[in-house]
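Remarks on the overall topology
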Amino acid sequence: MMGYKRKVLETVVASKVRQVSLTNKQESGHTRQDFVTHTYKQNHNTKMSLPTHMRALHLPTISPDPQITLRTVPVPTVVPGSVLIRVLAAQVSQKVYDIYSGKVGFTLAPDMIIGGGYAIGRVVQPGPDTTSLPVGKLVMIQSFLRARDNPDEIQAVWGTFDGGVPASREWIEKNWKNGSYAEYILAPLENVEPLDEERLCKPKGDGGLGYSVENLLQLPVQLVVLGGWKGIGLRAGERVIVAPATGQFGGAAVEVAVAMGAGQVIVMGRNMEILKRIQGLYPRGKIQIVPMSGDEDGDVQKLTSWGPVDAYLDISPAAATGSTHVGSCFKALRNYGRASLMGVLPEGLSVTYAMIVWKSLTVKGQYMYDRADAQQIVKMAESGVLRLGPETGVEVVGRFKLDEIDEAWAVASKNTQFGKLIALTP
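Residues numbered from 1 in each chain as written. Predicted model: local features only at pLDDT ≥ 70, side-chain atom pairs only at ≥ 80, totals over all residues. Heavy atoms only, no water.

1. With respect to the pattern of salt bridges
Applicable threshold: Any Lys or Arg side-chain nitrogen located within 4 Å of an Asp or Glu carboxyl oxygen qualifies as a salt bridge. Per the convention used, a helix needs a DSSP run of H or I reaching at least four residues, while a strand needs a run of E reaching at least two, with both numbered from the N terminus. Burial classes: relative accessible area under 20% of the type maximum marks a residue as buried, over 50% as exposed, and values in between as partly exposed (1.4 Å probe, protein chains only).
Counting across every chain of the model gives 17 salt bridges. A salt bridge links Lys331 to Glu296, with the shortest nitrogen-to-oxygen separation between them at 2.8 Å. Linking Lys331 in helix 9 (residues 325-332) with Glu296 in helix 8 (residues 296-303), this pair joins segments that are 35 residues apart in sequence. A residue is classified by how much of its surface remains accessible, and Lys331, at 33% relative accessible area, is partly exposed. A single salt-bridge network, built from bridges that share partners, covers Lys204, Arg387 and Glu391.

This is the structure we're talking about:
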């Protein structure tokens, strides 16, 4: 039985991290290209012989001590509307473990293969109705699942939330409960985005961007916050606030805002070291810092010291309950300003009805993104407008196999802030 043995694994994890650190240094000048020259690439239309079974990480049910085991299970069968993908890399994070241990309060189907849509892979068997995803194609798997015949009502986040209502729970359990912590994953056709491997992964000297598979794992995260910015119509040249900006999604919100042309991004948070690191990634004046002080009105003065604020994206975790930053950011918005709420705060807003009316504010809740946003985030990365990898301050601090999941969780627990990426490479 595979438990969460942090103390037992401490020495092993330290060794693993040191090895990864050396690997990262070696890759900084020349990105690993082993997957680029994979035999699939020689002929994307070649039919491949598939095994009948695969290894996968199984979770019987959410519990305080999740009993995750490595099992051998049948390889999924392709049906119309689906694609079978060989998983190359899937993201591991402490937030996902917290979901499996019941700390977040999300519900999941029982007897599932864990992991969700934050993965990169290769097509090994397209469905019979697939027209644009040949065998061998490098793809991004995105996590927002929606029923084709009822997309506005039946929604879920793959591998981490079954939608919370009976209809979506039943739909997930019958169709898409198995995730990416496996050698193969069966994905809905509309959740698979093709990637231009030549552009993204070839060395910079050969006309590519030099990204590794693990670097590409930033895309599904950036996709989430792209939905938030598009929801409030972010325009080039605008001054915006991201709060909190020190977590994985907050840092991604800064990256995407800059790529969309934001004139200035004001970042809020409590970890000054991370805020300064984000600021140092961009030209002088592009990023401004306002620490969360707990003084709501005092922070408003700081937020507005560079001029009127056009928009604000909030992606607060539940742990930020009681923070004064939400009130500060709303008060900092100019008349006709816009706010996108993407977090999971369980409390009411600390702003008045009257203030929203008098300032003509637009307040939009944003749950994930639209299908068109997935296509756009890929185009932004392929064009070079949206950066990935070390240039954005994101480093791969661990690469683990399926049977090393305990080590992966342990490393993830110590790297919850922006700039740290842990990959499972089945």
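2. Remarks on helix 11 (residues 371-383)
One turn of the α-helix equals 3.6 residues, which is why residues spaced by three or four share an orientation. Quick reminder of the rule: Helix span, expected: 1.5 Å multiplied by one less than the number of residues in the helix. Any two residues whose heavy atoms approach within 4.5 Å are treated as being in contact.
The terminal C-alpha atoms of helix 11 lie 19 Å apart, and with 13 residues this matches the ideal 18 Å at 1.5 Å per residue to within 8%. Within the sequence span of helix 11, burial applies to Asp373, Ala374, Ile377, Val378, Met380, Ala381 and Glu382. Elements that come into contact with the buried residues of helix 11 comprise strand 6 (138-141), strand 10 (192-194), helix 4 (197-201), helix 5 (218-231) and helix 6 (248-259). Once helix 11 finishes, Gly384 follows within two positions and takes phi at roughly 90°, a positive value.

3. Points about the nonpolar core
Here is the rule we go by: The term nonpolar core refers to a set of buried residues drawn from Ala, Val, Leu, Ile, Met, Phe, Trp, Tyr and Cys, joined through side-chain atoms within 4.5 Å.
Leu195, Leu216, Leu219, Trp229, Val254, Val265 and Ile377 are the most contacted members of the largest nonpolar core, which has 62 residues in total. If near-sequence neighbours (up to four positions away) are discounted, Leu219 is found in contact with Met140, Leu195, Ile377, Ala381, Leu386 and Leu388. Counting 53 residues, the second-largest nonpolar core is a separate cluster that includes Tyr97, Ile99, Ile405 and Trp409.

4. Remarks on the side chain of Asn415
Operational definition: Residues adjacent in sequence count toward polar contacts only when both atoms are side-chain atoms; beyond that, a polar contact is any pair of N or O atoms within 3.5 Å, and within protein one must be able to donate a hydrogen and the other to accept it.
On the secondary structure map, Asn415 appears in the loop between helix 12 (405-413) and strand 18 (420-424). Assessed through its relative accessible area of 17%, Asn415 is described here as buried. Here the side chain of Asn415 touches Val411 through a polar contact of 2.8 Å, landing on its backbone oxygen. If sequence neighbours within four positions are ignored, Asn415 has contacts with Val397, Lys420 and Ile422.

5. Here we look at the packing of aromatic side chains
Given two aromatic rings, their pairing is described by the distance between the two centres and the angle made by the two planes. Stated precisely, the cut-off is as follows: The rule is short: rings of Phe, Tyr and Trp, with Trp giving its six-membered ring, pair when the centres are within 6.5 Å, and they are stacked under 30 degrees, edge-to-face over 60, tilted in between. Lysine NZ or arginine CZ positioned within 6 Å of the ring centre and within 35 degrees of the ring normal marks a charge as sitting over the ring.
Taken as a whole, this structure holds eight aromatic pairs when the rule is applied. Aromatic pair Tyr181 and Trp409: ring centres 6.3 Å apart, planes at 50°, arrangement tilted. Of the two residues, Tyr181 is situated in the loop between helix 3 (166-175) and strand 9 (184-188) and Trp409 in helix 12; the sequence distance between them amounts to 228 residues. On the basis of relative accessibility, which here comes to 1%, the residue Tyr181 falls in the buried class. Joined through ring pairs, the aromatic side chains of Tyr97, Tyr100, Tyr181 and Trp409 make up one cluster. One residue, Arg86, lies across the ring of Tyr184, its end atom 5.3 Å from the ring centre.

6. A word on helix 9
Across the eight residues that make up helix 9, a large majority, seven, are buried. Among the residues of helix 9, those classed as buried are His325, Val326, Gly327, Ser328, Cys329, Phe330 and Ala332.

7. Brief notes about the pairing of strand 3 (residues 82-92)
This is how it is decided: Paired strands, in this sense, are two strands between which DSSP finds at least two bridges.
Summarising burial for strand 3: 10 of the 11 residues are buried, a large majority. As judged from the five bridges shared by strand 3 and strand 9, these two strands associate in the antiparallel manner. For Ile85, the partnering residue across the bridge sits in strand 9 and is Ile185. Of the strand pairs in this sheet, strand 3 and strand 5 (residues 119-126) are connected by seven bridges, and their pairing is antiparallel. Counterpart to Ala90 in the pairing with strand 5 is Ala119.

8. Some words on the packing of helix 5 against helix 6
Definition in use: Structural elements are reduced to axes, namely lines fitted to C-alpha atoms, with helices fitted over the stretch in contact, and the angle between N-to-C directions of any two is expressed from 0 to 180 degrees. For classification purposes, an angle smaller than 35 degrees is called roughly parallel, one larger than 145 roughly antiparallel, one from 65 to 115 roughly perpendicular, and anything else oblique. Handedness of a crossing follows from how the near helix is turned relative to the far one, being left-handed for an anticlockwise turn of less than a right angle and right-handed for a clockwise one.
At their nearest, the axes of helix 5 and helix 6 sit 8 Å apart, and the two run at 70° to each other. Between helix 5 and helix 6, the angle is such that the two are roughly perpendicular. Where helix 5 crosses over helix 6, the handedness of that crossing is right-handed. When helix 5 is examined against helix 6, the residues Gln218, Val221, Gln222, Val224, Val225, Leu226 and Trp229 are found in contact with a partner set consisting of Gln248, Phe249, Ala252, Ala253, Glu255, Val256 and Ala257.

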